[in-house]
Amino acid sequence: MTPADPTPLPGRDGELRAVRGLLRGVLAGRTTTLLVTGEIGSGKSALLAATADEARAFGFPVATAAGTRLESDLRGGVVGRLVEALHEGPAEPLDWFYRVVREALGRGPLLLLVDDVDLSDSWSLRCLAYVLRRVADQPLAVVLGATTGQPPLGDVALSELVGAHHEHLELAGLDVTAVAGLVGDASASACRDVTGGNPTLLAALADQLPEHPTAVDVRALGSADVGAALRLRLRRYEGAVEVVRAAAVLGEDATADRLAAMAGVEPRSAVRIIDGLVRLHVFRDDCPLGFVHPYLRNSVSADLPVATRAADHARAAVLLRDEGAPDERIAEHLREAPAVPLPWGVEILRRAARKAIYDDRLDAARDYLGRALEERLSSDERLAVQLELVHVTFLVDQEAGMARLRDALAHADDARSAAGQAVTMLLRLCSGPEARLAVSIGLQLVSRLTSQEHDESWELRVMSYLAGAGNDVALALRASMFTDELESEVPHSARLRQVHSALLSLGHALRGESAEEALRHAAEALEGERVDVFVQPFVFTVSTCFMADAPELSDRFRRMIGSEAEPHDYHLRKGTVVSMAHGMDFLARGDLVRAKTFLKWQLRLFDELGAVAVCPMAILCVARLAEVLVDLGRFEEAQDLVACHGFADDLPELFQHNVTLFARGKLKLAAGDPGGALADLLECGRRLGASKIDSPAILPWRAPAVRANLALGRREAAAQLAAEDLARAKRWGTPRAMGTALISVGLTADDDAATRALAKAVDYLTESVARLAHAEALLELGARLRRRGRAERAIPHLRQAVELSARCESKPLIRRAAEELRACEPATAHGTVHGLTKQETRVAGMAAQGLTNRQIAEALFLTRRTVELHLSGAYRKLGIAGRADLAGALRRHQGPCSA
C-alpha cells in the first residue's frame, strides 16, 4: 500500500515523516505507542488528524476519541468512543475492551488515537493501559496527544499509561519558512518572534494582518479570542486566571510578589501557580517573569474590558510607586490608565518624559505628557506640562511644535505665571533648532506682559537673548542687538540682580573690554543663592573661559553650579556641568592629565546618549578634550576623536563649534598642516566677529594663527595678527592674555624687540595660573637667546621650560625644550673621545645642565631606569664618582674635543 497525498500541514513535514515511519513499523507487526505533546495551541490535534489520514491511507482501521474536561468524570467515555468504531454493542468489563481490540487486530493493522488524553477519564486510561500491556508484536498503533505541562485530571499518570517503551514527539514552533507561508515573507520573522511559531497564535495573528503587514507593528497585536480561550482553559487551576491577568498588566515589571499582590492570592499560592504556568509554557522559565510569547500577553490584555484594564494598570502604578520603582516604569502603567484620576502621577509622568527625551524615546515622552494633561491641574501646572509637550512635539515636527506653542500660550490664563514656566523651559532647550523655539517662546510671552511685570519681561528677554547668542551667526547677531538694552535695565528682585551681574560680566568678556570689570560683576553674581543662568550652555562656555584666571572666583563658580538639583538640560546628569567645569579649569591651569580624566569621563556619558551631534555641552566637551590631547601630544587620538564625532568637516554655526574650530586648528598645526590650521582658525575668528565677539578671553585664536602663518612663510600676516592680539590683550588686561599676545609678538619681531617681547611674556605669565603658556614663553625666550649665541642665559629659561612642561605632561613642549637644551650643551658633549655613546652623551649633557632623572626621562621618552643606566655608564667612562663631577669632567675635555 502507498499512502495518499497527506493532509496539508504547514511546517510539520518532519513530524509527518516520523508518523509514516512509525506506521510502516506497525505494519511489520510491531506494537507502538506514540505520545505527541506540545504547548497550548501547538497543533497537536491537527497532527493527530493528519496521522489518522495517513493511517487510513496505509489501510489501517482508525478509532479516534478525545478527552474533554466535561466528560472527565464519565466512566469509560473515551474507551466507549473507541469501541464504537470497532464493535457494535454495549460496553462491557475491562477485559472486553481488550477482546474487542484483539478481534480488530485479527482483521489487520489498527490505529487507536486519543487526543487530549490528559483530560480523559481514569477508567478509559486503565483500559488503554490494560491493552498495551497485553498486546505485543501485533500491528497496533496507539497515538496519544497531550498538552505539555498539563497533569491528567484523573489518578492515572501518562507515564503509567505509556510505560517505559514508547516514542515521544514534542511539537516545536514552526520555523520562519513555514511562518512565511502563512503571513508572507515581509513580516515572517517578526511574526515568529511574537508567537514562537505557535500555529494557533499565528493563525489568529494572520487574521489581523492587513494587506501590507510591514505597515503594522506586530509586537502590539493581540487577539481577544485567544485571550478568552486561554482564560477558559485555565479556569480549572485556582488563581491561574488572575495571575495570568496580573502578568499581562505588569509586563516586564512582573515579579512573584507583585503578581501575588495584583492577583489577590497568597505568595505561596502564587509561586505554585507560576510553577504550573511555566510547565504549561504560558510563562517563560526565566527572570524576569513573563509570557513565553508576547502575542499571548497582548491577547490576555485584549480580553480585558477597557475599564478593567485601565483600573488594573492604575493598581500596578500604585504598587510600583509604593515600592519606589523607577519613574519610567510607573509612567508606563499610568499611560495605560486613562480616565482613572491619579493626581500624584503628574510629576512622575513629567520626570519620565524627561528621561524618555534623554533616551530619544519621543513617542513615549509625548504619551506621558498627554496622560499628565488628563489630570485636573492648576493653570500653572497645565501650562508647564503643555510647554514640555511643545518641546517634544517640536523635536519630532518643528511646524507642529510651533503650532502647539501658539495654542498653549493663547490659553494661558496668567501671563506672569506663564513667564515663570517659560524661563524654566528655556533652560531646557539647548540644541540649535531648539534655540529658535526658545526665542519664539520668550518673544511671544514678552508681548503679553505689561509694564507692571518688568522683572518677568526682563528675565524672559535675557533667556531668549542667551538662547540666540549661542546659536548660529544670524540668530546671534540679532541677539547682540539687545545687549545694551538688557544691561541698562536693572531688575528689582535680588535673584534677578544676580542674573543682571552675570549678564554684565558676560558682556565685558564677550567684548573684551575689561577683565577687572568682568570679574567684579561675576563676583557679584556668585555672591548669593544659586542662579541657573550659569548652567545655560552659552553662559557656561564663556564663563569657563575667562574665570579660569581668577582661581578663587572659579572655585565659587563650581560650587554654585555643583548643586544636587536635577539639571534642566535633558542631556545632562547630576554632576555633569561641574565635572566639565573642573576639566576646563585644569586645562586652563595646564594640568592636562586631570583635565583629560574629567572631560573623557563626561564624554563617555554623552556618547552613550548619542548627544554629541546636538548638545552644546557635549560639543564643548569634545572640543576641549581634543585641545587637551593636542597639548599632551596625542595627535592621532585627537584626530580620531574629532573624526568619530563628525567634526572633521564643515561645522554648523553653533557657538560651541567655535571652540571646535579652535581645537581643530591647534591640532592641524601640531600635526604639520599649517594651511588647514590657518583656515580653521580664521573661520573661528570670522564667526566670532560676525557675532560681535572680539575678545582674547574667549578664544585666543590669533596666537596659533600667527604660528600657522609663520609656518607658511607669511611673516607680514603673522605680525599683523600679533599686533591685533596685543592691542586686544592690553584692553582686556589679564596676565594670560598679555603673555600669550607677547609670545606672538616675539615670534614675529626682530632681534632685541623679539627678545624683549618674550621676556615680558615670561614676566606676565609668571603671575598667571597658565603654566603651559608660561612654559611656552620660557621655551621661546630660551630658544631666541640660544640662536643669538647667548647659551648661558638661555639655559635657565629652558631648564624651567622643561620642568614646567613635565609638570603639565606636555610631550611636544618637553621635546622642544629638551632639544633646545641639548643645543646649548658644551662642545665636548657632542664628541665621543670618552667613549660615550650618543644617548649617554645626551643624558650626561642634560644632567650637567641640572635636570633631574625624571625630567630627562620625560624629555627623551625613556624610563628612569634607562636614564640611570646611561648615567652610570657615563660616570665610569669619564672616571668620576657621580653627578656632582659631571659638568667639570665635560668642561675639562672641551679644548681637546674642539681641536
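Residues numbered from 1 in each chain as written. Predicted model: local features only at pLDDT ≥ 70, side-chain atom pairs only at ≥ 80, totals over all residues. Heavy atoms only, no water.

A. Here's a closer look at the overall build of the protein chain. Along the backbone of the protein chain there are 47 helices and five strands. Compactness check: the protein chain gives a C-alpha radius of gyration of 41 Å against a globular reference of 29 Å for 899 residues, more than 25% above the reference. C-alpha atoms of the protein chain, sized along the principal axes, occupy 130 × 85 × 45 Å. In the protein chain, once contacts between residues fewer than 6 apart in sequence are set aside, the share between residues at least 24 apart is 68%. In the form shown here, the protein chain has an accessible surface area of approximately 38200 Å², with 51% of it arising from carbon and sulfur atoms. The averaged location of the 120 negative side-chain charges in the protein chain is 7 Å from the averaged location of its 107 positive side-chain charges. (Helix = DSSP H or I, 4+ residues; strand = E, 2+ residues; numbered from the N terminus. Rg over C-alpha atoms; globule rule 2.2 N^0.38 Å. Contact = heavy atoms within 4.5 Å. Areas by Shrake-Rupley, 256 points an atom, 1.4 Å probe, with all protein chains shown as cover. Lys, Arg positive; Asp, Glu negative; His and termini not counted. Charge placed at Lys NZ, Arg CZ, Asp CG, Glu CD.)

B. Up close: the nonpolar core. Grouped together as the largest cluster of nonpolar side chains are 174 residues, with contacts concentrated most on F534, F540 and F606. At 13 residues, helix α32 (residues 616-632) tops the list of elements feeding residues into this core. In contact with F534, other than residues within four places in its own chain, are A502, A525, L526, V539, F540, S543, M547, F557, M560 and I561. (Core = buried A, V, L, I, M, F, W, Y, C linked by side-chain atoms within 4.5 Å. Buried < 20%, exposed > 50% of the residue type's maximum accessible area, 1.4 Å probe, protein only.)

C. Seen up close, the pattern of salt bridges. What the rule picks out here adds up to 57 salt bridges. Close ionic contact of E653 with R686 constitutes a salt bridge, the shortest N to O distance being 3.2 Å. Taken together, the residues E653 in the loop between α33 (635-644) and α34 (656-670) and R686 in helix α35 (residues 674-690) connect sequence positions 33 residues apart. Classification of R686 as partly exposed rests on a relative accessible area of 41%. When salt bridges with common partners are traced through the structure, they connect D555, R558, D585 and R589 into a single cluster. (Salt bridge = Lys/Arg side-chain N within 4 Å of Asp/Glu carboxyl O.)

D. Structural context of the packing of aromatic side chains. Enumeration over the complete set of coordinates arrives at seven aromatic pairs. For the ring pair F546 and W732, a centre distance of 6.4 Å and an interplane angle of 85° mean the geometry is edge-to-face. You can see F546 sitting in helix α28 (residues 537-546) and its partner W732 sitting in helix α37 (residues 715-732), a full 186 residues away along the chain. We note that F546, like W732, is buried. Three or more aromatic residues joined by ring pairs make a cluster, and in this case those are F534, F540 and F557. Taking NZ or CZ as reference, R134 lies 3.6 Å from the ring centre of Y130, over its face. Across from the ring centre of W344, 4.3 Å away, lies the NZ or CZ of R321, which sits over that ring. (Phe/Tyr/Trp six-rings, centres within 6.5 Å; stacked < 30°, edge-to-face > 60°. Lys NZ or Arg CZ within 6 Å of the ring centre and 35° of its normal.)

E. Structural context of the sheet that holds strand β3 (residues 110-115). Pairing is parallel across the open sheet formed by five strands, whose spatial order is β2-β3-β4-β1-β5. At either end of the open sheet lies a strand with only one pairing partner, and these are β2 (62-66) and β5 (167-170). For this sheet the average axis-to-axis angle between neighbouring strands, irrespective of direction, equals 15°. Bridge count for β2 against β3 is five bridges, and the pairing is parallel. Bridging from a neighbouring strand, T64 pairs with L113 of β3. (Pairing = 2+ DSSP bridges. Axes fitted to C-alpha atoms, helices over the stretch in contact; angles between N-to-C directions.)

F. Structural detail: helix α15 (residues 306-323). In this model, α15 (18 residues) spans 26 Å end to end at C-alpha, consistent with the 26 Å of a helix rising 1.5 Å per residue. Residues of α15 that are buried: A310, D312, H313, A314, A316, A317, L319 and L320. Contacts from the buried residues of α15 go to α11 (240-250), α12 (256-263) and α16 (327-335). Looking one or two residues beyond α15, the residue adopting positive phi is G324, at roughly 75°. (Expected span 1.5 Å × (residues − 1).)

G. Structural context of the environment of R279. Relative to the helices and strands, R279 resides in helix α13 (residues 267-279). The spatial distance from the C-alpha of R279 to the C-alpha of G149 is 4.4 Å, given a sequence separation of 130 residues. Those residues in contact with R279 that sit more than four places away from it in its chain are T148 and G149.

H. The arrangement of the packing of helix α27 (residues 515-525) against helix α29 (residues 551-561) in detail. Packing of α27 against α29 leaves a shortest axis separation of 10 Å and a crossing angle of 35°. In the crossing of α27 with α29, the sense of the turn from one axis to the other is left-handed. Contacts from L519, A522, A523 and A525 of α27 reach α29 at L553, R556 and M560. Residue classes in the contact of α27 with α29 are distributed as six nonpolar, no polar and one charged. (Left-handed = near helix turned anticlockwise from the far one by under 90°. Nonpolar A, V, L, I, M, F, W, Y, C, P; charged D, E, K, R; others polar.)

I. Molecular detail of the confidence of the model for the protein chain. When pLDDT is averaged across the protein chain, the result is 86; 91% of the residues are at 70 or more. Confidence scores differ between elements of the protein chain, with helix α47 (residues 894-898) showing the lowest mean pLDDT of 44 and helix α36 (residues 702-711) the highest of 96. Contacts from residues 895-899, a stretch scored under 50 in pLDDT, to residues over four places away or in other chains number three contacts. (pLDDT = per-residue confidence, 0-100.)

J. Fine view of α28. Burial runs high along α28: 10 of the 10 residues are buried. Those residues of α28 that fall on the buried side of the exposure criterion are P537, F538, V539, F540, T541, V542, S543, T544, C545 and F546. Of the residues flanking the start of α28, the one acting as N-cap is Q536, its side-chain oxygen 2.8 Å from the backbone nitrogen of F538. (Polar contact = N/O pair within 3.5 Å; in protein donor to acceptor, adjacent residues only side chain to side chain.)

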